[in-house]
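Each chain is listed here by its residues.
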Amino acid sequence: MADGSKRVTDVELDDELRSLLDVAPSAEFVPRVRMCIAGRQPGLFLPTWLKTSAVVAGVAALALAIGFGPYDLLPGPTSSESTSVQGDRSVIGRNIPLATPARARAVPPVMPPSQAPRPGRGRPPVASDVARLELLSSVMFSPDVADAYRRLFASVSEAAYEVPEPSITAADDMAMTDIEIAPVEIEPLDPSTVHRGVLQ
Amino acid sequence: MHEYVDRLPDSLTRVADDLDSEFDRLLVESSRLSFRVAYGVLRQRQDAEDVAQEAFIRAHRHFRRLRNRNACRAWIVRLSWRLALDRQRANRRRAHRDDRHARSLPATTTGDPAIANERAAHVWQAIDALPEKLRLTMVLSGIEGHDTREIASLLGVPEGTVKSRLYHARERMKESLQWLMDPKG
């Protein structure tokens, strides 16, 4: 070289590199790897897409269980009830039943107003309605009140109630003709609109 | 063998045994190559063995699902290279945390006899200065018995690409080593 420095050749470079990389693992390396592999439990050889699908299905089932739990099966409390409900949340939480499949079958789901059965045109009340009402009472009322309702429902279903004979008093025995009713006079509120026939 | 394998029918057990023997053959054939590739990055025998071991464990985990088992040797080489780079970065971070003065020291000068002399240290520095693609190609060419065709098959690139990379890598290393070995420098 012109400046006197030594230029490295390809052969020198390759020899240098070869000598640097002329190393070998220890004799225990291969047996150690064999031991490590043998000591590991063989995994369950499932395809990746199958594992992913299982995880997605699990999450979806959990979301359904939460989204369609007992809270959504029941109508929301009225304004007066919500005040009492908020007063004792511990009681409410303790009385909320779990969303089991059997309960889901027993309690009919809440439908939108357009699809809900109209009063008087729907089917007659069945046992599931009683169960639903019991479920409702367990959520809306305290345990004591709920127990009272349960006893009431049970007595009604078994016809184990007694109606006392009403006692007839003198006022009840009075004929309608004995009562004087003063005639009622109806006057229009605004006399100016009477002759024009305006509805008030 | 594992208890579940013992319950398999004989034919399936034979398949599992064949796979194990095939992988064991691969382990014996490629252990030195994997170790050298890792050593080319880490320059620490123990670290290189750990990295090579991890590479084989991962390879065994996926070995049954490999469609082309002939390419497993190349896969192990690339995996060893990647794991070694990760280990090198982790070592540097740890050294940086432990001692701030370690930043000024080369991470490779930790007492290994192979790089004890100054010339070897210069060569390693020149290799470290190469871009990653050129560096891996250069290391593979330095491992005995690997010509350009075999390097091309290991890297999954055409042979001309390997030749080009080797040419550029050598030129850069010559420049680095000339500057380092220059008595005036």
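If you're wondering where the values come from, they're calculated on a predicted model, not measured in any experiment.

What counts and what doesn't
Residues numbered from 1 in each chain as written. Chains lettered and ligands numbered in written order. Predicted model: local features only at pLDDT ≥ 70, side-chain atom pairs only at ≥ 80, totals over all residues. Heavy atoms only, no water. Helix = DSSP H or I, 4+ residues; strand = E, 2+ residues; numbered from the N terminus. Buried < 20%, exposed > 50% of the residue type's maximum accessible area, 1.4 Å probe, protein only. Contact = heavy atoms within 4.5 Å. Areas by Shrake-Rupley, 256 points an atom, 1.4 Å probe, with all protein chains shown as cover. Buried area = accessible area lost by both parts, 1.4 Å probe. Salt bridge = Lys/Arg side-chain N within 4 Å of Asp/Glu carboxyl O. Polar contact = N/O pair within 3.5 Å; in protein donor to acceptor, adjacent residues only side chain to side chain.

## Overview of the overall build of chain A
Secondary structure assignment for chain A yields nine helices and zero strands. Ordered by position from N to C terminus, the α and β elements of chain A give α-α-α-α-α-α-α-α-α. Relative to its 200 residues, chain A shows a buried fraction of 16%. Considering only intrachain contacts with a sequence separation of at least 6, the fraction spanning at least 24 residues in chain A is 60%. When the accessible area of chain A is evaluated, it comes to approximately 15700 Å², of which 63% is carbon and sulfur surface.

## Here we look at the interface of chain B and chain A
Taken together, the contacts link 44 residues of chain B with 33 residues of chain A. Around 3600 Å² of area is buried between chain B and chain A when both sides are counted, 61% of it from carbon and sulfur atoms. The three residues of chain B that bury the most area against chain A are Glu49, Lys174 and Gln178 of chain B, which together make up 16% of that side's buried surface. In this assembly, chain B and chain A are joined by five salt bridges. Between Arg170 of chain B and Asp14 of chain A there is a salt bridge, and its shortest N-O distance comes to 3.1 Å. Our count for the contact surface shared by chain B and chain A stands at ten residue pairs in polar contact (both at pLDDT 80 or more).

## Quick notes on the environment of Cys72 of chain B
Residues and elements named next belong to chain B. Structurally, Cys72 can be placed in helix α4 (residues 72-98). Residues Cys72 and Leu154, 82 residues apart in the sequence, show an inter-C-alpha distance of 9.4 Å. Those residues in contact with Cys72 that sit more than four places away from it in its chain are Leu26, Phe63 and Leu66.

## As for the side chain of Asp47 of chain B
Among the structural elements, Asp47 of chain B can be located in helix α3 (residues 45-63). For Asp47 of chain B, the residues in contact, after removing those within four places along its chain, are Leu42, Arg87 and Asn91 of chain B.

## A few points about unusual backbone geometry
In the Ramachandran plot, Arg43 of chain B falls in the positive-phi region, its phi being about 60° despite a non-glycine side chain. A residue is classified by how much of its surface remains accessible, and Arg43 of chain B, at 0% relative accessible area, is buried.

## What about the side chain of Arg36 of chain B?
Structurally, the position occupied by Arg36 of chain B is in helix α2 (residues 10-42). In terms of polar contacts, Arg36 of chain B uses its side chain to reach the backbone carbonyl oxygen of Leu21 of chain A, at 3.3 Å. Other than its neighbours up to four places away in sequence, Arg36 of chain B contacts Leu21, Asp22 and Val23 of chain A together with Ile143 and Glu144 of chain B.

## Digging into the pattern of salt bridges
Taken as a whole and judged by the stated rule, the model has 16 salt bridges over all chains. Two residues, Glu49 of chain B and Arg32 of chain A, come together in a salt bridge whose shortest N-O distance is 3.1 Å. With Glu49 of chain B in helix α3 and Arg32 of chain A in helix α2 (residues 29-39), the pair connects residues from two separate chains. Relative accessible area serves as the criterion here: at 4%, Glu49 of chain B is assigned to the buried category. For Arg32 of chain A, a relative accessible area of 27% puts it in the partly exposed group. Within this structure, Asp10 of chain A together with Glu171 and Lys174 of chain B form a network of salt bridges that share partners.

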